[in-house]
Amino acid sequence: MATKTNSGRFFEDYVVGDVLNHPVPRTVKMGERALYHMLYPARHALHSSDQFAQGCGLPFSPLDDLVAFHVVFGKTVPDVSLNAVANLGYAEGRWLRPVWPGDTLRSVSEVIGVKQNSNGKTGVVYVRTTGMNQHDETVLEYVRWVMVRKRDVDAPAPAPIVPDLAKVVAPTDLVVPKGLDFTDYDFALAGEPHRWGDYEVGEQIDHVDGVTIEEAEHMMATRLWQNTAKVHFDVNARPDGSRLIYGGHVISMARALSFNGLANAQMLVGLNAGAHANPCLSGDTVYAWSEVLEKAETASPSVGAIRLRLVATKGHAPFVLRGEDGKYRPEVLLDLDYWALIPI
């Protein structure tokens, strides 16, 4: 009898050019915001207050940009990373439309690269994922690559295809939400006075605060995004018997911690690069620091773009990234390069 259950794809199941239509569409409402703000110390005003958002030209407050990322990402897991060893990186990400309470999101991915690892037991799969709303409008797109186990170590290796990806999303390709206008931006209500011109390229910011990662909260968050990757739940999925903290959980925690020093970096619009440098496990205390990499103006009134490196560390280790060998230091959990919108 043919099995009716899904054991997930293995490395040899991926072929460049395959299009994966991911189940199951998901409608997100205000409960999503409440849960997100419960799980993370998220306080950016544009995603917290309808009144503040309306003062910035939007009809009401959109859901946090990372809610869109998590929901779209979670849809892809059963087809892309159910048998993953680790999620490795991101590139060419753009938030193209806000996600509003009541929107229904779904995801489609195209396989754009495969490369077997030298050990013959795993390989890296590259996919370009598109998240769409109920109107078939793209709200988010990004590339990610993930290390996946082989089902049969003797299966022949495919011809390696590694996509040529842009190192940075060009400022001219960033999409500012329709109507966004920071002309009458209320810095007092936002929580900090710092605007676009107050930040200098090369400036580093220690966000000071830390949060200890709890097993229960991590699994609650990962279930919320319907992420079914075995390494996050099943102690038998990793050799050391630990449950790997979902990388997106670390991203959201670090982004929330960055409020202290970057309260006015209100909306994410570009994801240039990202690496989960070392595993995060329950009991680790996550801190964050940022570096200003680039600044750009936009065509929208008083809206600037700021490119930031966001680094999450295990323990308080500001401005530590790589060792003399060029490799990430063991305390570095996340190295994320992104664009945000900030008042000029």
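Figured I'd write up the structure that's included with this text. What you see is a predicted model; the values in this text were computed from it and never measured.

Rules behind the numbers
- Residues numbered from 1 in each chain as written.
- Predicted model: local features only at pLDDT ≥ 70, side-chain atom pairs only at ≥ 80, totals over all residues.
- Heavy atoms only, no water.
- Salt bridge = Lys/Arg side-chain N within 4 Å of Asp/Glu carboxyl O.
- Helix = DSSP H or I, 4+ residues; strand = E, 2+ residues; numbered from the N terminus.
- Buried < 20%, exposed > 50% of the residue type's maximum accessible area, 1.4 Å probe, protein only.
- Axes fitted to C-alpha atoms, helices over the stretch in contact; angles between N-to-C directions.
- Parallel < 35°, antiparallel > 145°, perpendicular 65-115°, else oblique.
- Left-handed = near helix turned anticlockwise from the far one by under 90°.
- Contact = heavy atoms within 4.5 Å.
- Nonpolar A, V, L, I, M, F, W, Y, C, P; charged D, E, K, R; others polar.
- 1 Å grid on protein atoms, 1.4 Å probe; cavity = no way out; pocket = protein on both sides within 12 Å on 5 of 7 lines; lining within 4 Å.
- Points joined across faces, edges and corners; volume = space filled by probe spheres on them.

## Comments concerning the pattern of salt bridges
Here comes step 1: A full pass over the atoms with the stated rule returns 13 salt bridges.
Here comes step 2: Between D335 and R309 there is a salt bridge, with the nearest N and O atoms lying 2.9 Å from each other. Residue D335 is found in strand β11 (residues 332-343), and its partner R309 is found in strand β10 (residues 303-314); the two are separated by 26 residues along the sequence.
Here comes step 3: On the basis of relative accessible area, R309 is assigned to the partly exposed category, the value being 22%.
Here comes step 4: Look at the salt bridges and you will find they share partners, linking E291, R309 and D335 into a network.

## Examining unusual backbone geometry
Here comes step 1: The omega angle of the peptide bond from P23 to V24 is 0°, so this bond is cis rather than trans.
Here comes step 2: By the element assignment, V24 lies in strand β1 (residues 19-27).
Here comes step 3: One non-glycine residue, Q226, lies in positive phi territory at about 55°.
Here comes step 4: By the element assignment, Q226 lies in the loop between α5 (215-224) and α6 (247-257).
Here comes step 5: You can call Q226 partly exposed: its relative accessible area is 36%.

## Description of the packing of helix α1 (residues 30-39) against α5
Here comes step 1: Orientation of α1 relative to α5, taken along the N-to-C sense of each, is 155°, at an axis distance of 11 Å. The angle between the axes of α1 and α5 places the two elements in the roughly antiparallel class. Of the two elements, α1 crosses α5, and the hand of that crossing is left-handed. Residue-level inspection shows E32, L35, M38 and L39 of α1 in contact with α5, the latter providing E217, M220, A221 and L224.
Here comes step 2: Considering only residue class, the contact of α1 with α5 consists of 6 nonpolar, no polar and 2 charged.

## Considerations on empty space enclosed by the protein
A water-sized probe, rolled over the atoms, reveals where empty space remains.
Here comes step 1: Here the structure, examined in full by the defined rule, presents 3 cavities of 30 Å³ or more.
Here comes step 2: Considering only enclosed or pocket space, the largest cavity measures out at about 100 Å³ in volume.
Here comes step 3: Around the largest cavity, the lining residues are Y36, Y40, A42, H44, H47, D64, D65, L66, S252, R255, A256 and L268.
Here comes step 4: Contributing elements (two or more residues each) for the lining of the largest cavity: α3 (65-80) and α6.
Here comes step 5: A per-element tally of the lining of the largest cavity places α6 first, with 3 residues.

Any link to function would need more than the numbers given here.
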